[in-house]
Amino acid sequence: MFPAVEKNESFADRELATGKFWKEQGIYEKTLAARKGAENFVFYEGPPTANGMPHPGHCLTRSIKDLYPRYKTMRGFRCERKAGWDTHGLPVEVEVCKELGIHSKAEIEAHGIESFIQKCQASVWRYMQEWERLTERLGFWVNMEEAYVTYHQSYVESVWWSLKTLFDRGQLYQGHKIVWWWAQGGTALSAGEVGQGYREVADPSVFVKFPLLDDAGEVTDTSLLVWTTTPWTLPSNQFAAVHPEIEYATVVDGETGEKLVMAKDLVETIAGKVKRELEIVSTCKGSGIVGKRYQPPFDCFYSTHDHNTSWRVVAADFVTTDSGSGAVHQAPAFGEVDYEVLVAEQARYTDGEGPELINCVGPDGKFTDEAPAFVRGRWVKDCDKDINRNLKERGLLFHQEQYRHDYPFCWRAEQDPLIQYPRESWFIRTTDIKDQMLANNAEINWLPGHIKDGRFGKFLESNVDWALSRERFWGTPLPIWVCEQTGKMEAIGSYDELLAKPQTTGMEVWEAAKAANPELPDDLRVHKPYIDAVTYASPFADGARMQRVTEVIDCWYDSGAMPFAQWGYRGQTSGPEKERFESQFPADFISEAIDQTRGWFYSQLAISTMIWGNDEAGMTNDEKKDSSFVIRNSSLAKPPHPFRNCIVLGLMLGEDGQKMSKSKRNYRDPSEIFDLYGADALRWYFFANQPPWTSIRYSEQAIKDSIPEFLLRLWNVYSFFTIYANIDEFDPKAEGATDACGFADAASYRPLEQRGELDRWILSELNATTATVTERMDAYDNYGACQAITEFVDAMSNWYVRRSRDRFWASDQRSPEKLDAYWTLYECLVSTTKLIAPFVPFLAESLWQKLAVAVFGDSVSESVHLCDFPVAKLPAIDAALSEQMNLVREVTSLGRQARSAAELKVRQPLTKVEVILADTTHQAWLESHAGLIAEELNVKAVEFTENAEQYIDYTIVPNFKQLGPKLGKNMPKVKKLLSQVDGGQMLVELKSAGKVTLELGGGESIDLDENDIEVRLQAKAGWAAAQGRGVVVVLATELTTELISEGWMRDLVRVVQDQRKELGCEFTDRIEIGVVTESAELRTAIEQFQKYVTQETLAEALVCESIADAEPISAKIGDADAQLYVQVAS
RNA sequence: GGGCGUGUAGCACAGUUGGUUAGAGCGCAGCCCUGAUAAGGCUGAGGUCCCAAGUUCGAAUCUUGGCACGCCCA
């Protein structure tokens, strides 16, 4: 016996029980154990940060990440899933700062770095529980107990090892660059971080007069009109840039008489801005003013520096006439392009004689003492107004206005604008390996495909060296120690290596902290401030000490290092780290949202290509001998690495189409969704509604809809099966089957060829579906796979079960046809259960437990997830049968359509339908299924008519696909000719001769055979007919008394069935029926169809009088009114 | 400003190498069925396939140029 189907149990409740079962029985662990020794399918978990609450977008990534490992496991692979947590970086520091109510770097230092770091470490796990709960509730199987954590010592040491490798190769270098600088935080930000903080703001746009000097260095009456949007950089002005090819004009200001130089194309615009006449007196190319000297607007450096090198007009291609004046203020300290101008200028001189960088702003973003007195010590962005006022007072400000543009702010401290600022910073020379990265990229299977050469490829093309260092606190310390005397450096690859250095001191700082608080995790010893205390004797100078540089690194480097760092691999030549790393590299599958293009996707590729590039070009000689780099020569190093297949998910938007945000509350908490609809509904919504890379708008309704559309539909089939299997005492084990996947041992199990057509059909569909799902999933197309599954479940529910009901209800429990039906449906359900297991693991498990485990006990897998994925039995697939069945379904659908149009409800029997087929290939088969069609359409007869000219117009159209290439330009002519011929006659001719000849005129003619044309049928007016593509169904609409009576009796049956339900009858309960009516017609009909009614309703008696104890109900049967009495037979 | 992507029914989406009646779902309307019943089915209305030009015998599909939106970058 199958366990009875529970009523009143929600999917969500069942899921909780299933989750508990998995956990208690260690099913995930068992799936791994079961695949011991099997080929690996390597999955990398991109580490989320656990210091924020998870939202529905995380459910999406985690669902996809779960789907493929589950699928591949069932397909026979061993798929480890090591969880990971991203724990370092600015987001954590910012959170802690908020708690402490502090903001700037100085405040953190005042608070104490030791305490700050400890707080960071603790805060990383703030939402750990929520994340774990979500992961488990969603059914994302991942090993959280052995998760890798980026702050763990072994992880940090792996990162160190990789950085040491790069350092020793000269690929990690210190450079002087203009960076986006977060002044309050005292650190540079990476391009990715900056990109997240752009906001539209209004900044001043000012036009300033730079008086030009003559050859003697005296101020002339002409000024260059210079434009800038950052007045605060004017005190640090060093050049003015013009485009050498643009025309410049000298104009006279109609009001003041001043002479100004500006781009000729902009004269009119600028005149409009200031609303006065600007008269052009002469023009010249930009190259004509290049080299001219001018007096800078502020004298911070002018009087102390060489006038010949700075404060000159220089040529620059980036100047445009889109806005401004055509002459651009240059402060090389505060702009990347400006800085390049300085470098270019310096190149004109021998070393040391060119212009030096001038800068009167400190790293804290405040003006230094070199700046004009009225701004000293103030935050630069606050000084724009005062600077403008000062310029105005001195008559140098020509015009100012507001200008809206996007400007970057700190992504974690939204009120802090970033500034460009010159800094010493550490870089990784990724530009050296650009080609290798591109080669690796070319081998990655990106989904969708356009990522490869599109967003990701383009990003690689424009690669710049990775700005690695951060002048912050909570991150992987940059493992470079500097000699205090010589400035020479070396990199350290592990903590032990550091301790083994000569005369190491400083470990006591950590030891003291640990003694004071034994709770501190040991991992902290490789972090600031403890690691900074460790120094050792310099190998470069006697008596000197080696001291670590102060920086930590970009946390994206941490996550990108996970392919090896998750195992603590740092070049070991043997041992578990090496083995695990090598067996798990590269990944077969990763998936994250598209925002990771420049994040984790890139950091992984860059690091893996840096360390194990595709050739030996970057290796030192020592490394070439060093066996730890053996991977370079192994097959693992072949591209693609570090991952082979990558599904790039779209972004998930809130219900309102906006980005999900906590403050807008435009989404529901995932835990609520689980409670309301369950994890399977959510998962199915993700997998089955769209390809994963489309941005989806979170839709609660759509999640809800997965239940009736798929989950419940399948559940109902299962429920139907269970109810009748139990009534008929059908038990696969008792029948002799040994397990739930092979039934050949069962005595009553008949081979396919002995079973009825419907059974062969659904099993054909099952196997075709299995083949499709496998093929789609192997191509990482979950959407296509889900569509196939949905169609199959629909076919099973809406055609197989419906058409098989008679067999399930037949009274002979042991009839072969009935047993066939049970076996067939059982097989379909069990296979479907396995097919859906990776997608909706909870429902699949419930079904498996009820359909298989409950019956077979220990002789089947204890969980569906321990099963092998079904393999399609190709011989069982019968394409012709599938086509034929589709045709039957089309005919019945058309029949209903015709009934609906003629307002003849299905309950009313009709004498016949006529079916006319354009293509008679399947006609004979269809004729043999006339009974089925008759039953579906409630007609007494089905007739097939050929050449049904009375109902039909035949239209012949060319088969365009076939004839197109043959006919070319003659196509329209043939189309026209065919539309004019008598279709019916032509068909006759075609049938007898096998071809027809069409005269095209001009002596040309063409022979057409059956394949060259398509026949269209058009029902003639006046018939109750409906037409499909190649078939017309015509109804006979005349009714006889007998037919009407029969229709009435179907009414009666229906009302009685309603009443059965009302009375709470079991499916097997017998009843008695009484009908009291004034209508003689009704009484006659009852008499006539007594047997039919009693049989349909399981009635022992049907009488035309009242039944004493039953409550009468009023009913309309056909046209007649009646009082109906129904009661359960005693 | 540049790159990438997306524009198909009220909504959210499919549409396989170009082939002439553009599709399933939800929603809506009407109807049916009821021995799967806190279900199920059928039918219908609703589309300038963003716009324009081009290539072609033929374009939702290919090309070019616009427009709108999104993301990424400056």
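Residues numbered from 1 in each chain as written. Chains lettered and ligands numbered in written order. Predicted model: local features only at pLDDT ≥ 70, side-chain atom pairs only at ≥ 80, totals over all residues. Heavy atoms only, no water.

Some points on the pairing of strand E34 (residues 1031-1035)
Here comes step 1: Counting buried positions along E34 yields five of five residues, so the element is predominantly enclosed.
Here comes step 2: The alternating pattern of E34 places Val1031, Val1033 and Leu1035 on one face and Val1032 and Val1034 on the opposite face, and all of these are buried.
Here comes step 3: Sheet analysis places strand E27 (residues 910-917) next to E34, joined by five bridges and oriented antiparallel. The partner of Leu917 across the bridge, within E34, is Val1031.
Here comes step 4: Looking at chain direction, strand E33 (residues 1024-1027) and E34 are connected through four bridges and run antiparallel. Within the sheet, the bridge partner assigned to Ala1024 lies in E34 and is Leu1035. (Buried < 20%, exposed > 50% of the residue type's maximum accessible area, 1.4 Å probe, protein only. Helix = DSSP H or I, 4+ residues; strand = E, 2+ residues; numbered from the N terminus. Pairing = 2+ DSSP bridges.)

A few points about the state of the cysteines
Here comes step 1: According to the stated counting rule, one finds zero disulfides in the structure shown.
Here comes step 2: This cysteine, Cys555, is not joined by any disulfide, and Cys120 carries the nearest cysteine sulfur, 12 Å off.
Here comes step 3: Classification of Cys555 by relative accessible area gives buried; the value is 11%. (Disulfide = S-S within 2.5 Å.)

As for the environment of Ala12
Here comes step 1: Structurally, Ala12 can be placed in helix H1 (residues 11-25).
Here comes step 2: What Ala12 contacts, discounting residues up to four positions off in sequence, is Arg137, Phe674, Asp675 and Gly678. (Contact = heavy atoms within 4.5 Å.)

Focus on the sheet that holds strand E16 (residues 466-467)
Here comes step 1: The antiparallel open sheet is built from four strands, whose spatial order is E4-E3-E14-E16. The sheet is open, and its two edges are formed by strand E4 (187-189) and E16, each paired on a single side.

What to know about the nonpolar core
Here comes step 1: Phe721, Leu825 and Tyr826 are the most contacted members of the largest nonpolar core, which totals 161 residues.
Here comes step 2: Here this core gets 13 residues from one element, more than from any other, and that element is helix H25 (residues 700-727).
Here comes step 3: Of all hydrophobic cores here, the second largest spans 73 residues; its members include Val179, Leu260, Ile289 and Trp311. (Core = buried A, V, L, I, M, F, W, Y, C linked by side-chain atoms within 4.5 Å.)

Structural notes on the packing of helix H13 (residues 434-443) against helix H14 (residues 450-461)
Here comes step 1: Packing of H13 against H14 brings their axes to within 10 Å, and their N-to-C directions diverge by 165 degrees. With respect to H14, the axis of H13 lies roughly antiparallel. Crossing angle aside, the handedness with which H13 passes H14 is right-handed. The residues of H14 that touch H13, namely those facing Lys434, Met437, Leu438, Asn441 and Ala442, are Lys452, Phe456, Gly457, Leu460 and Glu461.
Here comes step 2: For the contact of H13 with H14, a count of residues per class yields five nonpolar, two polar and three charged. (Axes fitted to C-alpha atoms, helices over the stretch in contact; angles between N-to-C directions. Parallel < 35°, antiparallel > 145°, perpendicular 65-115°, else oblique. Left-handed = near helix turned anticlockwise from the far one by under 90°. Nonpolar A, V, L, I, M, F, W, Y, C, P; charged D, E, K, R; others polar.)

Section: the packing of helix H33 (residues 960-967) against helix H34 (residues 971-980)
Here comes step 1: Between H33 and H34, the least distance of the axes is 9 Å, while the angle of their chain directions is 130 degrees. Considering their axes alone, H33 and H34 lie oblique with respect to each other. Within the contact between the two elements, H33 uses Phe960, Leu963, Gly964 and Leu967 and H34 uses Met971, Val974 and Lys975.
Here comes step 2: When grouped by side-chain class, the residues that make up the contact of H33 with H34 number five nonpolar, one polar and one charged.

Considering the side chain of Thr824
Here comes step 1: Among the structural elements, Thr824 can be located in helix H28 (residues 816-836).
Here comes step 2: In this view, Thr824 contacts Arg755, Asp759, Ile762, Leu763 and Tyr800; residues no more than four positions away in its chain are not counted.

Re empty space enclosed by the protein
Here comes step 1: Here the structure, examined in full by the defined rule, presents four cavities of 30 Å³ or more.
Here comes step 2: Size it by volume and the largest cavity reaches roughly 80 Å³.
Here comes step 3: Taken together, twelve residues form the lining of the largest cavity, with Gly89, Leu90, Arg470, Arg472 and Ile553 sitting closest to its centre.
Here comes step 4: Those elements that provide at least two residues to the lining of the largest cavity are helix H4 (90-100) and strand E22 (552-553).
Here comes step 5: Among the residues forming the lining of the largest cavity, the class breakdown is five nonpolar, two polar and five charged. (1 Å grid on protein atoms, 1.4 Å probe; cavity = no way out; pocket = protein on both sides within 12 Å on 5 of 7 lines; lining within 4 Å. Points joined across faces, edges and corners; volume = space filled by probe spheres on them.)

So, the pattern of salt bridges
Here comes step 1: Evaluation of the coordinates by the stated rule reveals 49 salt bridges.
Here comes step 2: The salt bridge partner of Glu15 is Arg137, with a shortest N-O separation of 2.9 Å. Highlighted residues: Glu15 in helix H1 and Arg137 in helix H7 (residues 128-138), separated in sequence by 122 residues.
Here comes step 3: Note on Arg137: relative accessible area 12%, which makes it buried. (Salt bridge = Lys/Arg side-chain N within 4 Å of Asp/Glu carboxyl O.)

Structural notes on helix H12 (residues 384-393)
Here comes step 1: All of the buried residues along H12 are Asp384, Asp386, Ile387, Asn388, Asn390 and Leu391.
Here comes step 2: One or two steps after H12, the chain reaches Gly395, where phi turns positive at roughly 75 degrees.

Considerations on unusual backbone geometry
Comment: phi is negative for the bulk of residues other than glycine, and the bulk of peptide bonds are trans.
Here comes step 1: Between Leu447 and the following residue, Pro448, the backbone shows a cis peptide bond with an omega angle of 0 degrees.
Here comes step 2: Its location among the elements puts Pro448 in the loop between strand E15 (445-447) and H14.
Here comes step 3: For the bond running from Lys528 to Pro529, omega is -5 degrees, close enough to zero to count as cis.
Here comes step 4: The phi dihedral of Gln503 falls on the positive side, at around 50 degrees, and the residue is not glycine.
Here comes step 5: Take Gln503: it is sitting in the loop between helix H15 (495-499) and helix H16 (507-516).
Here comes step 6: You can call Gln503 exposed: its relative accessible area is 59%.

Let's talk about the confidence of the model for chain A
Parts of the model with low pLDDT should not have their predicted coordinates read in detail.
Here comes step 1: Residues with a pLDDT of 70 or more make up 94% of chain A, whose mean pLDDT is 84.
Here comes step 2: Scored below 50 in pLDDT, residues 627-637 shows 32 contacts in the model against residues more than four places distant or in partner chains.
Here comes step 3: Note on the complex model: pTM 0.84, ipTM 0.88. (pLDDT = per-residue confidence, 0-100.)

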